[in-house]
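# Tertiary structure, described
Chain by chain, the residues run as shown.
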Amino acid sequence: MFSASDFEEGKYTCLIPTYTATRLFGKNYKDAIGKEITAETSYGDVPLTVIGVYKTNGRNGMMMQMGTSIHATYIPLKTAMALDHSSGQYSFFQVSVKEDINPDSLKAKVKSFLEPYFRNNAHYSVAVVTYESLLNMFYKLLGMITLAISIIVKVGLVAVIG
């Protein structure tokens with residue numbers, strides 16, 4: 001896990017999934033701890049020290065389709081800001097939760113944690129995503145697509161008949 005100094009000092013440390021650890025460092029994923037990996041960024045290659053390895057549960061197919069990889073490498077927020085030179089420009093954070101966690105309570109905790117870092121940014125927001133909310137979003141999208149197809153078919157029929 002990250003230490004307080006990793007966050008406060010913006011250290012170039014990272015957490016990687018077991019999948020990545022075994023691909024890079026062999027069958028014993030614990031061998032990755034203390035090793036250095038290179039992150040490719042738009043500003044060049046950045047060395048990161050592996051300080052932990054986490055296990056994924058492999059059930060996140062929907063999250064992968066939504067653009068969130070189960071093989072993500074995590075770095076401290078301050079480090080990410082230094083890497084992309086944003087210096088306080090982040091404005092949106094999305095957190096995915098398990099079924100047994102209250103999304104509203106977690107959202108309040110995350111927002112409270114981030115408050116000191118974004119006290120000068122009144123526009124930042126935190127969203128908590130559950131599988132249920134992702135399915136609702138998916139169903140709304142399907143509804144809009146169905147409506148659009150219906151309108152196209154109706155216009156086509158009017159053109160053919162008329």
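Residues numbered from 1 in each chain as written. Predicted model: local features only at pLDDT ≥ 70, side-chain atom pairs only at ≥ 80, totals over all residues. Heavy atoms only, no water.

## A short note on the overall build of the protein chain
Rules: Numbered from the N terminus, helices here are DSSP runs of H or I no shorter than four residues, and strands are runs of E no shorter than two. Relative accessibility decides the category of a residue: with a 1.4 Å probe and only protein chains considered, values under 20% of the type maximum give buried, values over 50% give exposed, and everything between is partly exposed. Only heavy atoms matter for contacts: two residues are in contact if any of them lie within 4.5 Å across the pair. Each accessible area is a Shrake-Rupley result for a 1.4 Å probe, and residues are judged covered by the shown protein chains and nothing else.
Within the protein chain one finds six helices and five strands. Going residue by residue from the N terminus, the α and β elements of the protein chain occur as α-β-α-β-β-α-α-β-α-β-α. Here the protein chain holds 162 residues, and the buried ones make up 25% of them. Sequence-distant contacts, at least 24 apart, represent 60% of the contacts inside the protein chain between residues at least 6 apart. For the protein chain, the accessible area works out to roughly 11400 Å², and carbon and sulfur atoms hold 59% of it.

## Structural notes on the confidence of the model for the protein chain
Short version of the rule: Note: pLDDT gives the predictor's confidence per residue, expressed from 0 to 100.
Considering every residue of the protein chain, the mean pLDDT works out to 78; 75% of them sit at 70 or more. With pLDDT under 50 throughout, residues 60-68 is counted as low confidence; its partners more than four residues away or in other chains account for 15 contacts.

## A word on a nonpolar patch on the surface
Let me state the cut-off plainly: Each patch is assembled from residues with relative accessible area greater than 30% and no salt bridge, linking like charges that lie within 9 Å and nonpolar side chains (Val, Leu, Ile, Met, Phe, Trp, Tyr) that lie within 5 Å. Salt bridges are defined by distance alone: a side-chain nitrogen of Lys or Arg within 4 Å of a carboxyl oxygen of Asp or Glu.
Side chains of Leu 135, Phe 138, Tyr 139, Leu 141, Leu 142, Met 144, Ile 145, Ile 149, Val 153, Leu 157, Val 160 and Ile 161 sit close together on the surface and give an oily, nonpolar patch of about 1200 Å² of accessible area. One can find Met 144 in helix H6 (residues 131-161). Assessed through its relative accessible area of 55%, Met 144 is described here as exposed.

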